[in-house]
Amino acid sequence: MDERRGPWYLLTGLLMGLALGLLYAWFLDPVQYANTSPDALRPEFKDQYRILIAQAYPYSGDLGRARGRLALLKDDRPSFELGAQAQRILAAGGSVDTARALARLSSDLNLPEGSLPPQTSAGTPAANDPALPPTATLSPDEQIQTPTPAPSPTRPQPPTFTPRPSPTRQPTQDAPFRLDDQQVVCDPQRPARLLAVETLDGGGNPLAGVRIQITWEGGENAFFTGLYPEISPGYADFVMQPDVTYTLRAGEGGELVEGLSATPCKDAEGKAYLGGWKLVFVLP
Amino acid sequence: MSPRVRFKRFFWFLLSIFLGAGMGVFYGWVVNPVRYVDTTPDQLRADYQADYVLMVAEIYQVEKDPALAGRQLALLGDPQPVRTVQRAILTASQLGYSQADMELLGRLSSALETWYAEGGP
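Since the model is a prediction, treat every value here as computed from it, not as a measurement. Sequence positions are assigned chain by chain, starting from 1 and proceeding in written order. Each chain is given a letter, starting from A, and each ligand a number, starting from 1, according to the order in which they appear as written. Given that the model is predicted, a residue must reach a pLDDT of at least 70 before its local features are reported, and side-chain atom pairs must reach 80 or more before they are shown or counted; all residues, however, enter totals for whole chains, interfaces and linings. Only hydrogens and water are set aside when side-chain values are computed; all heavy atoms of the structure are taken into account.

## As for the state of the cysteines
Residues and elements named next belong to chain A.
Right, so step 1: Sulfur atoms of two cysteines make up a disulfide when they are within 2.5 Å. Scanning the entire structure with this criterion turns up one disulfide over all chains.
Right, so step 2: A disulfide bridge connects Cys186 with Cys265, and the sulfur atoms are separated by 1.9 Å. On the sign convention where negative means left-handed, the S-S torsion of about -65° between Cys186 and Cys265 marks this disulfide as left-handed. Linking Cys186 in the loop between strand 1 (178–185) and strand 2 (194–200) with Cys265 in strand 8 (residues 263–266), this pair joins segments that are 79 residues apart in sequence.
Right, so step 3: Remark: exposure states derive from per-residue accessible area (1.4 Å probe, protein chains only) relative to the maximum for the residue type, with buried under 20%, exposed over 50%, and partly exposed in between. According to the relative accessible area criterion, Cys265 is buried, its value standing at 5%. Here a helix means four or more residues in a row that DSSP labels H or I, a strand means two or more in a row labelled E, and each is numbered from the N terminus.

Now the structure itself:
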């Protein structure tokens, strides 16, 4: 009888071994990632990483370096992620400065190459841009200790040139923004009751990171330009509530615009709906 | 079944188990290893950690706040941020960071040392 069992026992052994092997490799001694890259970070640490990048950016004003660092996170749309994170921070009542830093970097990422002022590099340029794999010269205790996926063959970001105090544009929060244009917006394609704000510098260029203060009876809020870089770096908006009148100011020392409320409009079929406003502020 | 045949079958059975185990380990370690997608900054590779510390140093140059720098560096896991910065300096020098970046790291290290010497957190 035993002779007729054939070689099935071999398959049984193979499967048993396979199960044991997987048990060992996946549970008892799984691959330890002691040398991970930023894109593997937990979401809250990715947020923290973005904040660091945004806060470090004003020091060097080096957009290339900031781009390189953001690329490590492998976000599909880095600019959008920065803006979204800034909004989340504001919505949660977090640090306004942090949100502003994120918004500013988000905005600058959308600027065309070469549109930022040239950097004033007070130091020496980086002597070299090492093309060696980053781990090639690490000490043994810093090397990969267990099997890992193939490491990135390049440095996280090339040291471009010496960072020095920021020469980049810094929207002055107490700048006296002046209302340049105010229009009722009756466009059924746009969200209802939308209060759209655009801030421009003296040359007519969109200005990101400007704090917009809005108050109404019994409440106030603040938001920033630059959180919708896909529309314009100087753009911000706010959805008004029906039957509420708002007062708005761009920057800390800007002109006060009073009496803003959702405006009655009619669509092509004569149906009534509430429209909004578009306000344009400029620096004199 | 003769003892010899029984031994032979046992041998092949044992061999197939080892073969299967080898295939399982290969699959689990190489083909489809456990993927860590929710890691923490202290698990970052040394060069990424060095760049992280450089960002902290850049922020320190603006904020001049060693407590803030200490909190940011604490995410890298070492309870002594000065050591974290010193490790980053070593890595940065091996990776050929520019002199200016090395100076930034050095200034952060000095600032933290002073801060700790004066009482720290």
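## A closer look at the packing of helix 2 (residues 43–60) of chain A against helix 4 (residues 78–91) of chain A
Residue and element names in this part refer to chain A.
Right, so step 1: Where helix 2 contacts helix 4, the axes come no closer than 11 Å and their chain directions differ by 105°. Between helix 2 and helix 4, the angle is such that the two are roughly perpendicular. In this structure, helix 2 uses Asp47, Arg50 and Ile51 to contact helix 4, whose residues at the interface are Glu81, Leu82, Gln85, Arg88 and Ile89.
Right, so step 2: The class makeup of the residues in the contact of helix 2 with helix 4 is three nonpolar, one polar and four charged. Here an angle of 0 to 180 degrees is reported between the N-to-C directions of two axes, which are lines fitted to C-alpha atoms, with helices fitted over the stretch in contact. Angles are sorted into four bins: roughly parallel if under 35 degrees, roughly antiparallel if over 145, roughly perpendicular if 65 to 115, and oblique for all others. Residue contacts are defined here by distance: any two heavy atoms, one from each residue, within 4.5 Å place the two residues in contact. For this classification, the nonpolar set comprises Ala, Val, Leu, Ile, Met, Phe, Trp, Tyr, Cys and Pro, the charged set comprises Asp, Glu, Lys and Arg, and every other residue, Gly included, is treated as polar.

## Points about the packing of aromatic side chains
Right, so step 1: Note on aromatic contacts: the rings of Phe and Tyr and the six-membered ring of Trp form a pair at centre separations within 6.5 Å, being stacked when their planes are under 30 degrees apart, edge-to-face when over 60 apart, and tilted otherwise. Taken as a whole and assessed by the stated rule, the structure comprises seven aromatic pairs over all chains.
Right, so step 2: The interplanar angle of 65° and the centroid separation of 5.5 Å between the aromatic rings of A:Trp216 and A:Tyr246 together place this pair among those described as edge-to-face. Placement of A:Trp216 in strand 3 (residues 211–216) and of A:Tyr246 in strand 6 (residues 246–250) is noted, with a sequence separation of 30 residues between them.
Right, so step 3: Overall, the relative accessible area of 1% leaves A:Tyr246 in the buried class.
Right, so step 4: Here B:Trp115 and B:Tyr116 contribute two aromatic rings whose centre-to-centre distance is 5.2 Å and whose plane-to-plane angle is 75°, an arrangement assigned as edge-to-face.
Right, so step 5: According to the relative accessible area criterion, B:Trp115 is buried, its value standing at 16%.

## Regarding the sheet that holds strand 6 of chain A
For sheets, the rule is that strands pair by backbone hydrogen bonds, running either parallel or antiparallel.
Residue and element names in this part refer to chain A.
Right, so step 1: Pairing between strands is defined by DSSP: at least two bridges between them are needed. Taking strand neighbours across the sheet as the criterion, the four strands line up as 4-3-6-7 in an open arrangement whose pairing is antiparallel. On the outer flanks of this sheet lie strand 4 (219–224) and strand 7 (256–260), each paired with one strand and no other. Strand after strand, the sheet turns through a mean of 20° between neighbouring axes, direction not considered.
Right, so step 2: The pairing of strand 3 with strand 4 spans six bridges and is classified as antiparallel.

## Examining the side chain of B:Thr39
Right, so step 1: Of note, B:Thr39 is situated in the loop between helix 1 (3–31) and helix 2 (46–63).
Right, so step 2: Judged by its relative accessible area of 0%, B:Thr39 falls in the buried class.
Right, so step 3: A 3.5 Å cut-off defines polar contacts: any pair of N or O atoms within that distance qualifies, except that in protein one atom must be a possible hydrogen donor and the other a possible acceptor, and neighbouring residues in sequence count only when both atoms are side-chain atoms. Within the local environment of B:Thr39, its side chain forms a polar contact with the backbone nitrogen of A:Leu41, the two atoms lying 3.5 Å apart.
Right, so step 4: Apart from residues lying up to four places away in sequence, B:Thr39 is in contact with A:Thr36, A:Ala40, A:Leu41, A:Arg42 and A:Phe45.

## Describing helix 3 (residues 66–74) of chain B
Right, so step 1: Of all the residues in helix 3 of chain B, the buried ones are B:Pro66, B:Ala69, B:Gly70, B:Gln72 and B:Leu73. Buried residues of helix 3 of chain B, seen end-on, are gathered within an arc of 165° and therefore sit on one face of the element.
Right, so step 2: Of the surrounding elements, those touching the buried residues of helix 3 of chain B are helix 2 of chain A together with helix 2, helix 4 (81–95) and helix 5 (99–117) of chain B. Note: the arc covers the axis-to-C-beta directions of the helix.

## So, a nonpolar patch on the surface
Residue and element names in this part refer to chain A.
Right, so step 1: Taken together, the side chains of Leu20, Leu23, Tyr24, Phe27 and Leu28 make up a nonpolar region of the molecular surface, amounting to roughly 540 Å² of accessible area.
Right, so step 2: With respect to the element layout, Phe27 can be found in helix 1 (residues 8–28).
Right, so step 3: In this structure Phe27 comes out as exposed when scored by relative accessible area, which is 61%. A patch consists of residues whose relative accessible area exceeds 30% and which take part in no salt bridge; residues with like charges are grouped when within 9 Å of each other, and nonpolar side chains (Val, Leu, Ile, Met, Phe, Trp, Tyr) when within 5 Å. In short, Shrake-Rupley with a 1.4 Å probe defines the accessible areas, and a residue's cover is counted only from the protein chains shown. Think of a salt bridge as a Lys or Arg side-chain nitrogen and an Asp or Glu carboxyl oxygen that are within 4 Å of each other.

## Brief notes about the packing of helix 2 of chain B against helix 3 of chain B
Residue and element names in this part refer to chain B.
Right, so step 1: The geometry of helix 2 relative to helix 3 is characterised by a closest axis approach of 9 Å and an angle of 165° between their N-to-C directions. With respect to helix 3, the element helix 2 is oriented roughly antiparallel. By crossing handedness, the relation of helix 2 to helix 3 is classed as right-handed. Two secondary-structure elements touch here, helix 2 through Tyr52, Val53, Val56, Ile59, Tyr60 and Glu63 and helix 3 through Pro66, Leu68, Ala69, Gln72 and Leu73.
Right, so step 2: A class-by-class count of the residues in the contact of helix 2 with helix 3 yields nine nonpolar, one polar and one charged. For any helix crossing, the convention is left-handed if the near helix is rotated counterclockwise from the far helix by under a right angle, and right-handed if that rotation is clockwise.

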